[in-house]
Amino acid sequence: ANNSKHQQSTSDDDKDAKMHVKAEDVMIGVVLIILQSVLSVLQDIGEEIFMQATDFPATMMLGMEGSYGFVIGLIIYCTVGNRLKVEDIDSTMPMLNTNTQLRWWLFGLPFLFL
């Protein structure tokens, strides 16, 4: 009986530890969502100010914004992704070379949004 009480208290401690980690994860998630919302509003305001100050077509600005985001994202992916262990680029390229279905999915996906 004493052993089962010890196991129960240990499992209760484990549950408390897991709850603590989950609370921290939730807090990080909430902070990231709020930060993203603020940055999105600032971006929209900046775009509106730019659009009113110039005679720039909206579709050209949208295309340039997408191209800029793609290029910057690709640069970050290729330079920092491997160091931060976000992506193993050395294994990604051979995987793309051998898996035709994955290659079509990767390069064809952007055309779904045209």
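The structure under discussion appears in the preceding block.
Summarised in this report is the structure supplied together with it. Since this is a predicted model, take the numbers as computed values, not measurements.

Focus on the overall build of the chain
Inference 1: Assigned secondary structure in the chain consists of 4 helices and 0 strands.
Inference 2: When its helices and strands are written in sequence order, the chain yields α-α-α-α.
Inference 3: Split into buried and exposed, the 114 residues of the chain put 4% on the buried side.
Inference 4: Entry remark: accessible area of the chain is about 10,100 Å², with carbon and sulfur atoms responsible for 68%.

Focus on the layout of surface pockets
Inference 1: Each pocket or cavity is described by its volume, and for the largest pocket that value is around 480 Å³.
Inference 2: In terms of lining, the largest pocket is formed by 14 residues, of which the most central are Leu74, Tyr77, Leu96, Leu106 and Phe107.
Inference 3: Counting only elements with at least two residues in the lining of the largest pocket, the list comes to helix 2 (58-80), helix 3 (89-98) and helix 4 (100-108).
Inference 4: Considered class by class, the residues forming the lining of the largest pocket number 12 nonpolar, 1 polar and 1 charged.

Regarding helix 3
Inference 1: Regarding helix 3, the residues found buried are Ile89, Thr92 and Leu96. Taken down its axis, helix 3 places every buried residue within 50° of arc, on the same side. In this structure, helix 3 carries Asp90, Asn97 and Thr98 as exposed residues pointing more than 90 degrees from its buried face.
Inference 2: Each element contacted by the buried residues of helix 3 is listed here: helix 2 and helix 4.

Here's the deal with the packing of helix 3 against helix 4
Inference 1: Orientation of helix 3 relative to helix 4, taken along the N-to-C sense of each, is 105°, at an axis distance of 5 Å. Viewed along their axes, helix 3 and helix 4 adopt a mutual orientation that is roughly perpendicular. Taken together, the residues of helix 4 that come into contact with helix 3 (itself represented by Met95, Leu96, Asn97 and Thr98) are Thr100, Leu102, Arg103 and Leu106.
Inference 2: When grouped by side-chain class, the residues that make up the contact of helix 3 with helix 4 number 4 nonpolar, 3 polar and 1 charged.

Examining the side chain of Thr92
Inference 1: With respect to the helices, strands and loops of the structure, Thr92 is situated in helix 3.
Inference 2: The buried category is assigned to Thr92, whose relative accessible area is 15%.
Inference 3: Once residues within four sequence positions are removed from consideration, Thr92 is found in contact with Tyr77 and Glu87.

How each quantity is defined
Residues numbered from 1 in each chain as written. Predicted model: local features only at pLDDT ≥ 70, side-chain atom pairs only at ≥ 80, totals over all residues. Heavy atoms only, no water. Helix = DSSP H or I, 4+ residues; strand = E, 2+ residues; numbered from the N terminus. Buried < 20%, exposed > 50% of the residue type's maximum accessible area, 1.4 Å probe, protein only. Areas by Shrake-Rupley, 256 points an atom, 1.4 Å probe, with all protein chains shown as cover. 1 Å grid on protein atoms, 1.4 Å probe; cavity = no way out; pocket = protein on both sides within 12 Å on 5 of 7 lines; lining within 4 Å. Points joined across faces, edges and corners; volume = space filled by probe spheres on them. Nonpolar A, V, L, I, M, F, W, Y, C, P; charged D, E, K, R; others polar. Arc of directions from axis to C-beta. Contact = heavy atoms within 4.5 Å. Axes fitted to C-alpha atoms, helices over the stretch in contact; angles between N-to-C directions. Parallel < 35°, antiparallel > 145°, perpendicular 65-115°, else oblique.

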